Amino acid sequence: MMARKRRSTTEINTAENASVPKRRYTSAQRTHLDEMIVFNHKKCLSWYHKYTNDVGELGPEGMEKFCMDIGVDPEDLVMLVLAWKMNAKSMGYFSSAEWLIGLTELQCDSVKKLQSKLDSLRLYFNDPLAFKSIYRYAYDFARDKDQRSMDIETAKLMLNLLLGKQWKLYPLFAKFIDQSKYRVINKDQWCNILEFSRSISIDLSNYDIDGAWPVMLDEFVDWIKNTNS
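What comes next concerns the included structure. Please read all numbers here as calculations on a predicted model, not as lab measurements.

## Things to note about the overall build of the protein chain
Counting its regular elements, the protein chain contains 13 helices and two strands. Burial statistics for the protein chain: of 229 residues in total, 38% are counted as buried. Contacts in the protein chain between residues at least 24 apart in sequence constitute 66% of all its contacts with a sequence separation of at least 6.

Okay, structure coming up:
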């Protein structure tokens, strides 16, 4: 009796696939799928102009409408991540070039596409290196461009957003700033506040007074010790 020839895996898979009816899409469905997957530069730019004013600028009013469309509060930190992706120069404003840089990288040319990326954008705050980059970016983004330093009220707002929930000493630092002589924060101070928040324990036991910390942070430590004494 002749042995039955064994079918190859390829033949079996081919036969099985042939038995499964292929899904056919209508022209409208294919167009919709393409729109959901393929990034369209022209569509992205057209979306930008939905929020611009008479002189073609996306300013505070357009930003408010943009935030409303994507379902995000203007003060939500995800907006800072989005601005960071765009390398936007001024808070409350996006240029068309900045818009295209950020949204091309994200491959978003519509509200739905950007909404689908919001959760992944928030994850950048869980990455120490990305967070450090965003934190440093926030200084130049938020400060008045006519000034070299950030005014203290803006600094407090930004520090509260960025460090308020993760730095246990932040409430004390905010009180210290309120009663201090400081009216501006320079970039060196700004960057060192983050390093302090990451490396110094809540009881200050590992703080080295002879370290290379800015005077502001030496004064903060002294203020805490005097407050607790």
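Further notes follow.
## Overview of the layout of surface pockets
Of the volumes computed, that of the largest pocket is approximately 540 Å³. Looking at the largest pocket, it is lined by 20 residues, and the ones nearest its centre are P74, E75, M91, F141 and L161. Those elements giving two or more residues to the lining of the largest pocket turn out to be helix 4 (60-70), helix 5 (77-86) and helix 10 (152-163). Looking at the lining of the largest pocket, its residues break down into 14 nonpolar, three polar and three charged.

## Here's the deal with the packing of helix 11 (residues 170-179) against helix 13 (residues 215-228)
One way to put it is that helix 11 packs onto helix 13 with a least axis distance of 10 Å and a crossing angle of 105°. On the basis of their axis angle, the class for helix 11 and helix 13 is roughly perpendicular. Within the contact between the two elements, helix 11 uses L172, F173, K175, F176, I177 and Q179 and helix 13 uses M216, L217, E219, F220, W223 and I224. Split by residue class, the contact of helix 11 with helix 13 holds nine nonpolar, one polar and two charged.

## Focus: helix 3 (residues 41-49)
For helix 3, the full list of buried residues reads C44, W47 and Y48. Along helix 3, the residues classed as buried sweep out an arc of 105° about the axis, all on the same side. Taken together, the buried residues of helix 3 touch helix 4, helix 6 (96-106) and helix 7 (111-115). For helix 3, the side-chain oxygen to backbone nitrogen distance between the N-cap and K42 is 3.0 Å, and the N-cap itself is N40.

Conventions and cut-offs
- Residues numbered from 1 in each chain as written.
- Predicted model: local features only at pLDDT ≥ 70, side-chain atom pairs only at ≥ 80, totals over all residues.
- Heavy atoms only, no water.
- Helix = DSSP H or I, 4+ residues; strand = E, 2+ residues; numbered from the N terminus.
- Buried < 20%, exposed > 50% of the residue type's maximum accessible area, 1.4 Å probe, protein only.
- Contact = heavy atoms within 4.5 Å.
- 1 Å grid on protein atoms, 1.4 Å probe; cavity = no way out; pocket = protein on both sides within 12 Å on 5 of 7 lines; lining within 4 Å.
- Points joined across faces, edges and corners; volume = space filled by probe spheres on them.
- Nonpolar A, V, L, I, M, F, W, Y, C, P; charged D, E, K, R; others polar.
- Axes fitted to C-alpha atoms, helices over the stretch in contact; angles between N-to-C directions.
- Parallel < 35°, antiparallel > 145°, perpendicular 65-115°, else oblique.
- Arc of directions from axis to C-beta.
- Polar contact = N/O pair within 3.5 Å; in protein donor to acceptor, adjacent residues only side chain to side chain.

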